[in-house]
Amino acid sequence: MISLMSDLSVTIAGVELGSPLVAAAGAAGCGPELLDVVPSGTFGAITTKSITPECRDGHPPWRLIELPTGMLNAVGLANPGLDSFMTDVVPHLHSNGPVFIGSMAGHSIDDYVAVARAFDSVPGLPLVEANMSCPNTGTGRQFTDDPIAMREAVAAIKSELKQTPLLVKLPLEMAPGYPIAMAAVEGGADALTFINTVPAMSIDVDTRRPRLSNTAGGLSGPAVHQLAVRMVAGVHACFDGGSCPPIIGLGGVTRWSDAAELILAGASAVGLGTALFADPRLSVRIVRGLERWVRKQGVAGLSELTGAVQSEPVIPG
Ligand SMILES: Cc1cc2nc3c(=O)[nH]c(=O)nc-3n(C[C@H](O)[C@H](O)[C@H](O)COP(=O)(O)O)c2cc1C
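Here goes a summary of the coordinates provided. All of these numbers come straight from a predicted model, not from anything done at the bench.

What follows concerns the site of the ligand. In the vicinity of the ligand there are 27 residues, among which Ala24, Gly26, Ser220, Gly273 and Thr274 approach most closely. For the shell around the ligand, the secondary structure elements donating two or more residues are β6 (70-73) and α7 (274-278). Along the lines of polarity and charge, the residues of the shell around the ligand split into 12 nonpolar, 13 polar and two charged.

With that out of the way, let us pick up the packing of helix α3 (residues 147-160) against helix α4 (residues 179-187). Viewed as axis vectors pointing N to C, α3 and α4 meet at an angle of 30°, and their least axial separation amounts to 7 Å. It follows that α3 is roughly parallel to α4 by the angle criterion. As α3 runs across α4, the sense of the crossing is right-handed. Every residue of α4 that contacts α3 at Pro147, Met150, Arg151, Glu152, Val154, Ala155 and Lys158 is listed here: Pro179, Ile180, Ala183, Ala184, Glu186 and Gly187.

Right, let's talk about the environment of Ala181 for a bit. When you line up the elements, Ala181 lands in helix α4. Residue Ala181 is classed as buried on the basis of its 27 C-beta neighbours within 10 Å. In this structure, the C-alpha to C-alpha distance between Ala181 and Leu72, residues 109 residues apart in sequence, is 24 Å. Once residues lying within four places of it in the same chain are set aside, the contact partners of Ala181 are Leu170, Glu173, Leu192 and Val235.

Take the pairing of β6 next. Sheet topology places strand β5 (residues 64-67) next to β6; four bridges connect them, and they run antiparallel. Residue pairing for β6: Glu66 is matched across the bridge by Met71. Here β5 folds back onto β6, and the loop between the two strands holds two residues. As defined by bridge partners, β6 adjoins strand β14 (residues 216-220) across three bridges and the pair is classed as antiparallel. Residue pairing for β14: Leu72 is matched across the bridge by Leu219.

Conventions used here
- Residues numbered from 1 in each chain as written.
- Predicted model: local features only at pLDDT ≥ 70, side-chain atom pairs only at ≥ 80, totals over all residues.
- Near = placed C-beta within 6 Å.
- Helix = DSSP H or I, 4+ residues; strand = E, 2+ residues; numbered from the N terminus.
- Nonpolar A, V, L, I, M, F, W, Y, C, P; charged D, E, K, R; others polar.
- Axes fitted to C-alpha atoms, helices over the stretch in contact; angles between N-to-C directions.
- Parallel < 35°, antiparallel > 145°, perpendicular 65-115°, else oblique.
- Left-handed = near helix turned anticlockwise from the far one by under 90°.
- Contact = placed C-beta atoms within 7 Å.
- Buried ≥ 20, exposed ≤ 12 C-beta atoms within 10 Å, placed from the backbone.
- Pairing = 2+ DSSP bridges.

Structure representation (structure tokens):
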């Protein structure tokens, strides 16, 4: 257990996290495994792998490629399925540090609703996250081109949740006014998580074939960091007077200063994904860096720095 010198606690949709660091979905196995390798207190939350009603094997190899600037993956939402998750993983969803966020995915609204109904009854999942932005399955982004479809899907999932706040995981959006993010909020999202991986491709020039079995995949890591900062600042700027729902900002965080950038842009908490594959204990260094930064900024706690970038207003779009 590490003890923190500055107040790094944050609140996401009424749930207090002792640290602003969130292990991103897909980067921590099913979730509880991460507790074996990081000191308690570094992560405020751990997101489970996205769970679908049925067990999925995902795409065949190759499905992960290391790049100079990050990672390209087309895992394809491989996961044990809802029944197995409830039997084998749910009993391990307790810790004296991080809370768990249950990530949900599906082919249809009915799929999301079925997982949401099950997760809502699990005391070890005080927050749930609807992954509506996976670029690696045929239906992973079915709601992200149409604000009406997004709003209706979020509203349907929300209506199943009697006690658990809903986070919606969004893709990189560049359209002026962020209509998809706004639709998620209108549908009832209590908080937003973004960005997911960005559609991308790599080609082996000798064989002249795509390097991923799925042809294309999702880019993550440092290559996408500044895109995430821009979107967090833009979405935050869409809301006046502090009415922005909490944002878990992520994309390419490898240093404490990357996390601090996302906080200043408007994030309440910061996700760590790709960097965890290389070094799960990186979280210790990031938390220590954030502690020093909060002290140097002369504020009582990290949450005072959310959206505190000093600039001309960011144009939302
Ligand atoms: C191998 C891999 C698997 C992922 N699986 C999921 C997933 O199951 N659900 C989800 O919402 N996001 C998933 N993501 C996306 C991450 O949670 C995160 O949004 C993205 O990688 C950007 O953050 P990063 O640059 O810190 O990795 C995955 C990413 C990677 C690299």
